[in-house]
Amino acid sequence: MTDSPRLPEGYEISTDPARIDAGRVHRWLSTDAYWALGRSREKQDRAIEGSLNFGVHDTLSGEQVAYARVITDRATFAWLCDVYVDPSVRGKGIGTALVAAVREELRPCGLKRIMLATHDAHEVYAKLGFRPLERPDHWMALAQG
């Protein structure tokens, strides 16, 4: 695993649920994230409420510029999802630093694995120690709409 990348100066990460801009997160995901296109605001709000949330904020304006959430029991398993960086700040290393912060936040839990799915960001996650499943044929999913 690599050292934890740091956020560029002028940004900070928070897990404080009160700092999550739920409207902005919904807009990002429901209109620009291939995995969540059309997701309703109600469903997104429920997802936020049931998850450990991470926001990256501009320290001067307080504006949220990135988001990630984790579904976990904090003992054996976690699912990292809805990782999104606003297009205006992409390319600064914010997404990599955000995922590293998630990894570090979960490290004390002693989880057996942290899972995620991606269509187009394998290199971002690989830099942080994520690898393809060794035995994908052992995994199954129940899709319900």
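What you see is a predicted model; the values in this text were computed from it and never measured.

A. Representation of the environment of E49. With respect to the helices and strands, the residue E49 is situated in helix α2 (residues 41–49). Placed 72 residues apart in sequence, E49 and A121 show a C-alpha to C-alpha distance of 26 Å.

B. Seen up close, the sheet that holds strand β1 (residues 11–14). Read across the sheet, five strands follow the order β1-β2-β3-β4-β5 without closing on themselves; strand pairing throughout is mixed. Each end of this open sheet is capped by a strand with a single partner; those strands are β1 and β5 (113–115). Adjacent strand axes in the sheet meet at a mean angle of 20°, parallel and antiparallel pairs treated alike. Where strand β2 (residues 52–58) lies against strand β3 (residues 64–72), six bridges are found, and the strand directions are antiparallel.

C. Quick look at α2. Listed as buried for α2 are Q44, A47 and I48. Buried residues of α2, seen end-on, are gathered within an arc of 100° and therefore sit on one face of the element. Set apart from the buried face of α2 by more than 90 degrees, the exposed residues are E42 and E49. Summarising the contacts, the buried residues of α2 are in contact with α1 (22–32), β2, β3 and β4 (77–85).

D. Representation of the nonpolar core within the structure. One finds V70, L80, I94 and Y125 to be the most contacted residues of the largest nonpolar core, which totals 25 residues. Counting only elements with at least two residues in this core, the list comes to β2, β3, β4 and α3 (94–106). Those residues in contact with I94 that lie beyond four places of it in its chain are L7, P8, Y11, V56, V65, A66, V85 and V89. If you look at the next biggest cluster of nonpolar residues, it comprises 10 residues, including A22, L29, I48 and Y84.

Each value, and the rule that gives it
Residues numbered from 1 in each chain as written. Predicted model: local features only at pLDDT ≥ 70, side-chain atom pairs only at ≥ 80, totals over all residues. Heavy atoms only, no water. Helix = DSSP H or I, 4+ residues; strand = E, 2+ residues; numbered from the N terminus. Pairing = 2+ DSSP bridges. Axes fitted to C-alpha atoms, helices over the stretch in contact; angles between N-to-C directions. Buried < 20%, exposed > 50% of the residue type's maximum accessible area, 1.4 Å probe, protein only. Arc of directions from axis to C-beta. Contact = heavy atoms within 4.5 Å. Core = buried A, V, L, I, M, F, W, Y, C linked by side-chain atoms within 4.5 Å.

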